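The residues making up each chain are set out below.
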Amino acid sequence: MSAPVFGRLLTAMVTPMTSEGAVDLHRAGQLAHKLVDEQCNDGIVVNGTTGESPTTTDAEKSAMVKAVVEAVGSEAAIVAGVGTNDTAHTLELARQAAEAGANGLLVATPYYSKPSQAGLIEHFTAVADATDLPVVLYDIPGRTATPIETKTLIELADHPNIVAVKDAKGQVVESATVMANTTLAYYAGDDAITPALLSVGGVGLVGTSTHFTGKRMHEVIDNYIEGRIDEALAIYREILPVLTGVFAAQGVTMVKAGLAHQGFDVGGVRLPQTMPTPEQAKTLFDLLDRTQL
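Quantities reported herein were computed from a predicted structural model and do not represent experimental measurements. (Residues numbered from 1 in each chain as written. Predicted model: local features only at pLDDT ≥ 70, side-chain atom pairs only at ≥ 80, totals over all residues. Heavy atoms only, no water.)

Turning next to the overall build of the chain. Tallying secondary structure elements over the chain gives twelve helices and eight strands in all. The globule rule puts the C-alpha radius of gyration for 293 residues at 19 Å, and the 18 Å found for the chain is close to it. Overall, the chain is about 45 × 45 × 35 Å in size when its C-alpha atoms are taken along their principal axes. Out of the 293 residues in the chain, the part that is buried amounts to 57%. Seen as two clouds, the 19 positive and the 34 negative side-chain charges of the chain have centres 4 Å apart. (Helix = DSSP H or I, 4+ residues; strand = E, 2+ residues; numbered from the N terminus. Rg over C-alpha atoms; globule rule 2.2 N^0.38 Å. Buried < 20%, exposed > 50% of the residue type's maximum accessible area, 1.4 Å probe, protein only. Lys, Arg positive; Asp, Glu negative; His and termini not counted. Charge placed at Lys NZ, Arg CZ, Asp CG, Glu CD.)

Taken as a whole, this structure holds zero aromatic pairs when the rule is applied. The ring centre of Phe 264 lies 5.4 Å from the NZ or CZ of Lys 34, which sits over that ring. (Phe/Tyr/Trp six-rings, centres within 6.5 Å; stacked < 30°, edge-to-face > 60°. Lys NZ or Arg CZ within 6 Å of the ring centre and 35° of its normal.)

A separate point is the sheet that holds strand β3 (residues 77-81). Taken in spatial order, the eight strands close into a barrel running β1-β2-β3-β4-β5-β6-β7-β8, and their pairing is parallel. With strand direction ignored, the average angle separating the axes of adjacent strands in the sheet is 25°. With three bridges connecting them, β3 and strand β4 (residues 104-108) associate as parallel partners. Paired with Ala 80 across the bridge in β4 is Leu 105. The sheet strands contacting helix α2 (residues 58-72) are β2 (43-46) and β3, and the helix crosses β2 at an angle near 165°. Where helix α9 (residues 210-225) meets the sheet, it contacts β1 (9-12) and β8 (204-207), and its direction lies at approximately 160° from that of β1. (Pairing = 2+ DSSP bridges. Axes fitted to C-alpha atoms, helices over the stretch in contact; angles between N-to-C directions. Contact = heavy atoms within 4.5 Å.)

Scanning the entire structure with this criterion turns up nine salt bridges. In this structure, the salt-bridge partner of Lys 256 is Glu 52, at a minimum N-O distance of 2.7 Å. With Lys 256 in helix α11 (residues 251-261) and Glu 52 in the loop between β2 and α2, this pair connects stretches of sequence that are 204 residues apart. Both residues of the pair, Lys 256 and Glu 52, count as buried. Among the salt bridges present, the one from Arg 216 reaches Glu 238, with a minimum N-O distance of 3.7 Å. (Salt bridge = Lys/Arg side-chain N within 4 Å of Asp/Glu carboxyl O.)

So, on to the nonpolar core. Residues Met 13, Ile 44, Val 68 and Leu 105 are the most contacted members of the largest nonpolar core, which totals 77 residues. Those residues within four positions of Val 68 in sequence are excluded, and the remaining contacts are Met 13, Ala 28, Ala 32, Ile 44, Val 46, Gly 73 and Ile 78. Formed by 16 residues, the second largest nonpolar core is a distinct cluster that contains Phe 6, Ile 140, Ala 164 and Val 203. (Core = buried A, V, L, I, M, F, W, Y, C linked by side-chain atoms within 4.5 Å.)

This part covers the pairing of β8. Side-chain alternation along β8 places Gly 204 and Val 206 on one buried face and Leu 205 and Gly 207 on a second face that is also buried. Taken together, the three bridges between β1 and β8 define a ladder with parallel strand orientation. By the bridge assignment for β8, Leu 10 is matched with Val 206. One ladder, built from two bridges, connects strand β7 (residues 185-188) with β8; its direction is parallel.

Our next topic: helix α12 (residues 278-290). For α12, built from 13 residues, the straight-helix expectation of 18 Å at 1.5 Å per residue is met to within 8% by its first-to-last C-alpha distance of 18 Å. Considered for burial, the residues of α12 that qualify are Ala 281, Leu 284, Phe 285, Leu 287 and Leu 288. The buried residues of α12 all sit within an arc of 160° when viewed along its axis, so they share a single face. Away from its buried face by more than 90 degrees, α12 exposes Pro 278, Glu 279, Asp 289 and Arg 290. On the buried face of α12, the contacting elements are α9, α10 (229-245) and α11. (Expected span 1.5 Å × (residues − 1). Arc of directions from axis to C-beta.)

Positionally, Gln 39 belongs in the loop between α1 (25-38) and β2. Excluding residues within four positions of it along the chain, Gln 39 makes contact with Leu 9, Lys 34, Thr 210, His 211, Phe 212, Thr 213, Gly 214 and Lys 215.

This part takes up the pairing of strand β6 (residues 162-167). With five of its six residues buried, β6 lies for the most part within the structure. Pairing of strand β5 (residues 135-139) with β6 involves five bridges; the strand directions are parallel. In the sheet register, Val 136 faces β6, and the bridge partner there is Ala 164. Where β6 and β7 come together, four bridges link them in parallel fashion. Within β7, the position partnered with Lys 166 by the bridge is Tyr 187.

As structure tokens, this is what we get:
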């Protein structure tokens, strides 16, 4: 199986903040290096929802893309999250990301407004037409309230710029059906379902726990793709508690707490997010300390 355009392992990177709550671009570059150099990421998603995109400004988003491109753009694919529930605003963010040097766009399903499938087709097509960058559709109905239905995904796959899906729907048979009828590259959008998605044709993971588990998850994916299923599952089962434990509270808050615990402070989060409780944080810290990562 040939490697997909963005590689096999990407992390939806958190956005570092200063003690005053401003975006910390210097620390963002350092974190990007950590993800690529230590955690073996092939790519980084900047300004995704794990990057607190709902509470960062357009100017901050542009600056984040530029900072990460400058830091690791020669070593990794940089994918910019541009999804909103306003098509016009999403188009602005797509063009801004292209100008800032992004290699691709991650576009979440518009949230809250619950558009029809026809509306989704028009929305995603408009974004794909806005730049020459390849587009990853982010299908996460648990957060957006609207799934991208199988027929819709198959139709959207005809667009030359729509090349991949970040799949957090949890419906493996539906995903397999899309893969059987398109050339879309499927990335797990929920860390723990990665082997299940690989088993029906998935290509890799866009992860959250991969701030910590990236090196081991790359081993899982590589072993699976190369046919060493037993080895892949052995590693997967060893790190599975971390893959799921990072979601004991909101992923971004747990990642920031976990990074600080490991001595790599990236600051706090912006409201309405709050940092995990001491009990939630301790559970993750214990998992990180006792798991071979």
